[in-house]
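Given next are the chains, with one letter for each unit.
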Amino acid sequence: MAENENGQEKTEEPTGKRIRESREKGQVPSSKELNTFIVLIVASSFMVLFGSHLGMEIANQFADGLTLEREQLFNSAIVPVYFGRQVTDALLNLAPLLTLLTVAAVVGPLIIGGGNFSGQAMAPKFNKLNPIKGAKKFVSTTGLIELVKSLGKVILIGGVAASVLSGIVDEILMLGEESVKQGIMHAGHLAAWVFLMVSAVLLLIALIDVPFQLWNHNKQLKMTLQEVKDEHKETEGKPEVKGRIRQMQMEMAQRRMMAEVPKADVVITNPTHFAVAIAYKPGAMGAPRLLAKGIDEVALKIRELAEEHKIVAVEAPKVARAIYFTTDLNQEIPGGLFVAVARILAYVYQLKRPDMQPVMPRDLPVPEEFLDRVSARRAHQAN
C-alpha cells in the first residue's frame, strides 16, 4: 500500500480538487508505448500506401540535383537558388508524411490524458538535476517495470521481425535480378510491409501499458484519510470561520428585517418576550403578512422601532406567540389566526379615527396547537 512522507497509507481515492491541481501541474496519465505505436503505425501505413510514389518523387529529385551544368555549378548566384529549390521540393514531398506524424504525436497523449496545457509543467525544475534522486529511479519499482518492458519489446519485435524476414527471404534474394529502378521500388515496398507488421506488434505492448499507466497515475494521486479531511476543511472552511460567517449572515438578515418594521400596521407583543410586526394592504395582499418577528432582545428592538415610527403596539400574548411559531418572514399568517388578527387590525384602524372610541378586543381565538412550538411548526407545514 502506498504511503506518504508521514508513513500514512494512501487508501482514499483522489478528490476532484486533487485531480484538478495535478492537471494544472501537468500530471496527467500518459503512455509512451501508445504514443510510439500510433506514430509508427501511421508512418508505416503511409509508406505502404504512398511509399512507391514518394520514393519516385525523391529519386527524381536526386536525379535532377545531379544534372547541374558545369557553368551553373561555378555560378555563385545560381547555386544558392538551386539549393533552396531542392530543399523546398523535398519539404513539399515530405509534407503529407510530416503532417500525419505531427497529428499522430498529438493524438496519442489526448487519448488517455485529455487536452491539457500547463505552464507549471513547462517551468524548469532544477531539483531534477540531482544525480542522487536520478539514481534512485534505476532501483525503483517504476524503473524495474520499464526495464522489463524494454526487454519485452526487444524480444517481441526481434522475434516478429525475424519471422517476417524469413518469410520473404526469397523475394529479397531476387532483388538482384531486377533492374535498378524496379529493384529499388520493390525493396521499398518490402521494407514498408515489414515496417508495418513490426509496428503492429507494438499494439500488444500498448494494450498492456495503458491500463498500467492509468492505474499508476491514480495510485500516485491517492490520498490519506487525513489529507482528505484537511482538504475538506480547507474547501468548506474551518468551523470557527463558518460560524462567524453564519453570524454575519444572521446579522444582515436581522438588519433587513428591522428595515421592514416601519412599514407595519401593528406590532403584536407578548408583551416582553415576543413581538411580531404585521402589515395588511387591502387589495394588494390576500391576507395579513408578517414583516418582522423576534424574542427577547430582538423583540425589544422591534418595539422600540414601532414606538419611534408611531406604530401601534398591541398586547396579545397568545396571538404573538402563535404568529411567531407558525409564520415565516414575508409570509401570510395561517388561516387559523385570521379572525384574531382581523380584530386587532380593526382596533388599530379605529384608533386612527377621532370619532371612534375603540376598545381592545379580549376574545381573540387562537387554536391551542398554534401555541406549542412543535405543534405549531407541524400545522404550518401542513398548510
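Residues numbered from 1 in each chain as written. Predicted model: local features only at pLDDT ≥ 70, side-chain atom pairs only at ≥ 80, totals over all residues. Heavy atoms only, no water.

Lay out the nonpolar core with the relevant residues and their values.
Counting residues in hydrophobic clusters, the biggest one holds 27 residues, and the most contacted among them are Ile268, Ile278, Val319, Ile323 and Ile344. Counting only elements with at least two residues in this core, the list comes to strand S1 (266-269), strand S2 (274-279), helix H13 (317-326) and helix H14 (338-351). Beyond its immediate chain neighbours, meaning those up to four positions away, Val319 contacts Ile268, Ala340, Val341, Ile344, Leu364 and Val366. Counting 17 residues, the second-largest nonpolar core is a separate cluster that includes Met257, Met285, Val298 and Leu305. (Core = buried A, V, L, I, M, F, W, Y, C linked by side-chain atoms within 4.5 Å. Buried < 20%, exposed > 50% of the residue type's maximum accessible area, 1.4 Å probe, protein only. Helix = DSSP H or I, 4+ residues; strand = E, 2+ residues; numbered from the N terminus. Contact = heavy atoms within 4.5 Å.)

Hey, could you go over the packing of aromatic side chains for me, with residue numbers and the actual values?
Here the structure, examined in full by the defined rule, presents five aromatic pairs. On the numbers, 6.0 Å between centres and 35° between planes, the contact of Phe212 with Trp215 is tilted. With Phe212 and Trp215 both in helix H9 (residues 180-221) and three residues apart, this pair spans about one turn of that helix. Ring plane angle 75° and centroid distance 5.8 Å describe the contact between Phe274 and Phe325, whose orientation is recorded as edge-to-face. Placement of Phe274 in strand S2 and of Phe325 in helix H13 is noted, with a sequence separation of 51 residues between them. Accessibility classification places Phe274 together with Phe325 in one group, the buried group. Following the ring pairs from residue to residue traces out a cluster consisting of Phe274, Tyr324 and Phe325. (Phe/Tyr/Trp six-rings, centres within 6.5 Å; stacked < 30°, edge-to-face > 60°.)

Before we move on, can you summarise the side chain of Thr15 with the specific residues and values?
When you line up the elements, Thr15 lands in the segment before helix H1 (16-24). Dropping the residues within four chain positions of it, Thr15 is found in contact with Met223 and Glu231.

Could you give an account of unusual backbone geometry, with specific residues and numbers?
For Asp296, which is not glycine, the phi dihedral falls at a positive 55°. In this fold, Asp296 is placed in the loop between strand S3 (289-295) and helix H12 (297-308). At Asn330, a position not held by glycine, the phi torsion is positive, near 65°. Mapped onto the secondary structure, Asn330 falls in the loop between H13 and H14. Residue classification places Asn330 among the partly exposed residues on the basis of a relative accessible area of 43%.

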